[in-house]
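# Secondary and tertiary structure notes
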Amino acid sequence: MQGRARRQARAREREARDTHARASVMSLTAEQLAEFIENGAVTVRSPLDGKELRRCGEAMKAAAPQREGTTRTSRTCDYYDPEILHVIAHPWLESVAKQALSTDAVTLFQTALVNTWPDATADRRKTDLQQMDSYHTDMQYTYEDLHATPRRMQVSFFLWVSNAPLGRANLMFRPGTH
C-alpha cells in the first residue's frame, strides 16, 4: 500500500508541475480583458483538464450532497478536500486575477462550492419580467474603482466541474448586472 501511495504522490507532483507550466502560458487576451472591463464578466477556458475537474466535482458532491427536496446545496470556506483545494489554488486563477485587477499581487478572499440539480417544479413559462425578482447584484463599484490602477474591486471565478444536461444552463448572466 505504501508503494501505491508514493506513486500517487509522485504523479500528483508531476501533475502540479504540468499545471504550473500550463498556467504560465494562459492569460486573458486583450479582447477578453476589454470584455471583462466593459461587461463585468468574461467567459474563458481554463487550463484545468478534465481529470482535475472530474475529481473536483466528485469531491464537491461528497462535500455538499443533494438533500431530499432541495435543488441546491452549498458550503463556504469550510472544506479541505485536496481535489477541491487543488482547483481553488490553481496558479492560473491567481494569474488571471492579477491581470484583471492590473496588479502584481492578489489575496484569496473567500471560496464557495455550490451544487445544483434540475428543479422539476420550476415554472418554465415565466417571462423575463416575471423573473426580475430573482435577479441580483453581487457587488457595486464606482467608475473610479474600475479604472484605478490597481482596480479596486473583487474578481469572482465560476468554474464548472461537470457538463449541464441539454436544455439547462449552468449560470445566466445579464451584461451590466455584475
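Preceding block: the structure.
Definitions and limits used
- Residues numbered from 1 in each chain as written.
- Predicted model: local features only at pLDDT ≥ 70, side-chain atom pairs only at ≥ 80, totals over all residues.
- Heavy atoms only, no water.
- Salt bridge = Lys/Arg side-chain N within 4 Å of Asp/Glu carboxyl O.
- Helix = DSSP H or I, 4+ residues; strand = E, 2+ residues; numbered from the N terminus.
- Buried < 20%, exposed > 50% of the residue type's maximum accessible area, 1.4 Å probe, protein only.
- Core = buried A, V, L, I, M, F, W, Y, C linked by side-chain atoms within 4.5 Å.
- Contact = heavy atoms within 4.5 Å.
- Phe/Tyr/Trp six-rings, centres within 6.5 Å; stacked < 30°, edge-to-face > 60°.
- Polar contact = N/O pair within 3.5 Å; in protein donor to acceptor, adjacent residues only side chain to side chain.

The next point concerns the pattern of salt bridges. Scanning the model with the defined rule gives four salt bridges in all. For Arg55, the salt bridge goes to Glu83, with nearest N and O atoms at 3.0 Å. Of this pair, Arg55 sits in helix H3 (residues 50-63) while Glu83 sits in helix H4 (residues 82-88), and the two are 28 residues apart along the sequence. The buried category is assigned to Arg55, whose relative accessible area is 18%. The residue Glu94 makes a salt bridge to Lys98 at a minimum N-O spacing of 3.5 Å. Within this pair, Glu94 and its partner Lys98 are both found in helix H5 (residues 91-101), separated by four residues, close to a single helical turn.

What follows deals with the nonpolar core. Core analysis: the biggest nonpolar cluster contains twelve residues, these being Leu48, Leu53, Cys56, Ala59, Met60, Ala63, Ala64, Tyr79, Ile84, Val87, Leu113 and Val161. Within the residue set of this core, elements represented by two or more residues are H3 and H4. Not counting the four nearest positions on each side in its chain, Leu53 is found in contact with Leu48, Trp160 and Val161. Membership of the second largest hydrophobic core comes to ten residues, among which are Trp92, Leu93, Val96 and Ala100.

Taken as a whole and judged by the stated rule, the model has two aromatic pairs. Seen in terms of ring centroids, Trp92 and Phe157 are 6.3 Å apart; in terms of plane orientation they differ by 55 degrees. Their pairing is tilted. Placement of the pair is Trp92 in helix H5 and Phe157 in the segment after helix H6 (143-147), with a sequence separation of 65 residues. Under the relative-accessibility criterion, Phe157 is labelled partly exposed at 31%.

In this section: the side chain of Thr111. Tracing the backbone through its elements, the reader meets Thr111 in the loop between H5 and strand E2 (112-116). Separated by 2.8 Å, the side chains of Thr111 and Tyr79 make a polar contact. Excluding residues within four positions of it along the chain, Thr111 makes contact with Arg75, Thr76, Cys77, Tyr79 and Ile88.

Once that is clear, we can look at unusual backbone geometry. The step from Thr149 to Pro150 runs through a cis peptide bond, and the omega angle for that step is -5 degrees. Position of Pro150 relative to the elements: it lies in the segment after H6. For Cys77, which is not a glycine, the phi torsion comes out positive at approximately 55 degrees. Mapped onto the elements of the fold, Cys77 is located in the loop between strand E1 (72-76) and H4. For Cys77, a relative accessible area of 40% gives the class partly exposed.

This part is about the environment of Asp81. Tracing the chain through its elements places Asp81 in the loop between E1 and H4. Expressed as a C-alpha distance, the spacing of Asp81 and Ala59, which sit 22 residues apart in the sequence, is 6.8 Å. Among the polar contacts listed, one links the side chain of Asp81 to the backbone nitrogen of Glu83, at a separation of 2.7 Å.

Take Asn115: it is sitting in strand E2. The buried category is assigned to Asn115, whose relative accessible area is 9%. A distance of 3.0 Å separates a polar side-chain atom of Asn115 from the backbone oxygen of Met60. Those residues within four positions of Asn115 in sequence are excluded, and the remaining contacts are Met60, Lys61, Ala64, Thr71, Arg72 and Thr73.

Functional significance is not addressed by these values, which are geometric in nature.
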